[in-house]
Amino acid sequence: MNVDRLRFIDLYIGLPLCYLGSLLRRLTAIFRSHQPPPPVKRILFMGLSEMGGILLATPAMKKARDHFQGELYFLTLLHNRSSLELIPMIAPERIFTIRQGHPVHFLVDIVRFIFWCRKNQIDTVVDLELFVRFSALLSWLSGACRRVGFHGFFTEGLYIGDFLTHMVAYNPHLHIAGNYLALSLALTRPTPEHPYVKVQIDPAELTIGQHLPSQKEIASVEETVRARHPDFDPSHQVIVLINPEASGLLPQRRWPRDYFETLIQQLLKEGEEILILLTGGPEEISAHESLCQKINHPRCINFAGALKLGQMPTLYHQSAFMVTNDSGPNHFAAVSRMPTIALYGPETPKLYGSLGRTTSLYAGLACSPCVSAANHRKTPCNDPVCLKLLTPKMVLSHAKELLQEARSLGGQRP
């Protein structure tokens, strides 16, 4: 199912289901014995939308784990599962995935999810989604006695039913990682609040643990690079990563392809030691190959699909920097010390910036950002001028500074 179809289902099927489900919840509550809830022990986080967003929830998961000394579980869509490899807090057997390719698989997995929650005795659900009716329904169907999520209160058009036990006010002026952290903090409050959560967010908590690769991991990645570029010599070459793609959820986030072509050609002129790797998943091999053919240079390599996501932190550790669209890799890089140059358009880095070392370029037009929780991150824009204003020359000026730094460090992060 494509993104627009999922939005359609969430609106025209999800809305009445949330209304009917809320009525059913209230009716059943009348006949349910009101016993004190069990202690928080098994916490299910639900993040369905994007791989990068899952990484931004790391501080929230760490807070819940450390405060309650509990077991963490995670629900996501099947194609997002690989991003959880970068979060060692969650064991693989505690991850449940939902397939979305076929309606039958989709419905079967929902039924499986209900039984999976009962089997694992999930007592707490933290819904990371911004006013998505499907995830609100799943939080109720989980059977958990505590359900934490964002509530619209008096905001029109964001109805998600009446399933939450801890209603957190979404703050559109706070970084999304801070909003996620507020969800976990709501669970720690000694007395009920309306709305949750009346505490300050400590910026020092909005961090992601870094991955330091072993020599074996480094050697494996170097061998993979050498398989694509036999002349690769890590002792004197400087790896620069380019991520030209963005997720299908918001294609308006893509920097123009000809801009990437110009930038890569200019970077290759900065030194014979520079090796450009175009990163991405297997589905991007064809598009990257087309870009490589246009550039037609032996030091511009199509590296899409060469590594598993779990191996990418090792590549980041060995690279000078990365230029990327506003997409998952910008957030994945936060598990390393590698700096990134991120190109923002429909969304703002003030709310969705990486928690790593990132230089965020953002034009800040009168119409920007044009996506938000209120419009379910769907924009009518068909001409992303906000990205066209970020010229290759602007990006190159920042890239030169990072190249100079990398040369002084021998091409790798310390």
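So, here's what we can say about the structure. (Residues numbered from 1 in each chain as written. Predicted model: local features only at pLDDT ≥ 70, side-chain atom pairs only at ≥ 80, totals over all residues. Heavy atoms only, no water.)

Any two aromatic rings considered together are summarised by their centre-to-centre distance and by the angle between their planes. This model, assessed by the stated rule, comprises eleven aromatic pairs. The interplanar angle of 80° and the centroid separation of 5.8 Å between the aromatic rings of Tyr73 and Trp116 together place this pair among those described as edge-to-face. With Tyr73 in strand E2 (residues 71–77) and Trp116 in helix H5 (residues 103–119), this residue pair connects regions lying 43 residues apart in the sequence. Assessed through its relative accessible area of 4%, Tyr73 is described here as buried. Pairing Trp140 with Phe163 gives two aromatic rings, centres 5.3 Å apart and planes at 20°, and the pair type is stacked. Taken as a pair, Trp140 in helix H6 (residues 133–141) and Phe163 in the loop between strand E5 (146–151) and strand E6 (166–169) lie far apart in primary sequence, 23 residues in all. (Phe/Tyr/Trp six-rings, centres within 6.5 Å; stacked < 30°, edge-to-face > 60°. Helix = DSSP H or I, 4+ residues; strand = E, 2+ residues; numbered from the N terminus. Buried < 20%, exposed > 50% of the residue type's maximum accessible area, 1.4 Å probe, protein only.)

Strands sit in the order E3-E2-E1-E4-E5-E6 across an open sheet of six strands; the sheet is parallel. Looking at which strands have only one partner, the edges of the open sheet turn out to be strand E3 (95–98) and E6. Neighbour to neighbour, the strand axes of the sheet diverge by 20° on average, direction disregarded. For E5 and E6, the ladder comprises four bridges, and the chain directions are parallel. Among the inter-strand pairings, Val148 is bridged to a residue of E6, identified as His166. (Pairing = 2+ DSSP bridges. Axes fitted to C-alpha atoms, helices over the stretch in contact; angles between N-to-C directions.)

Attention now moves to the environment of Val168. Looking at where Val168 falls in the secondary structure, it is placed in strand E6. As a C-alpha pair, Val168 and Leu185 span 17 residues in sequence and 9.8 Å in three-dimensional space. Setting aside chain neighbours within four positions, we find Val168 in contact with Val148, Gly149, Phe150, His151, Phe153, Ala182, Leu183, Ala186 and Tyr196. (Contact = heavy atoms within 4.5 Å.)

The subject of this paragraph is H5. Here H5 is 17 residues long and its end C-alpha atoms lie 24 Å apart, about the 24 Å a rise of 1.5 Å per residue gives. Of the residues making up H5, those classed as buried are Phe106, Asp109, Ile110, Phe113, Trp116 and Cys117. Seen along its axis, H5 keeps its buried residues to an arc of 125°; they face one direction. Across H5 from its buried face, at more than 90 degrees, point the exposed residues Leu107, Phe115 and Lys119. Residues of H5 that are buried make contact with strand E1 (42–46), E2, E3 and H6. Gln121 lies just past H5 and shows a positive phi near 55°. (Expected span 1.5 Å × (residues − 1). Arc of directions from axis to C-beta.)

For the structure shown, the criterion picks out zero disulfides. Residue Cys367 stays outside any disulfide, its sulfur separated by 6.3 Å from that of Cys370, the closest cysteine. Overall, the relative accessible area of 53% leaves Cys367 in the exposed class. Cys381 forms no disulfide, and the closest cysteine sulfur to it belongs to Cys370, at a distance of 5.6 Å. Residue classification places Cys381 among the partly exposed positions, given a relative accessible area of 27%. (Disulfide = S-S within 2.5 Å.)

Without other data, these values stay purely geometric and don't point to any function.
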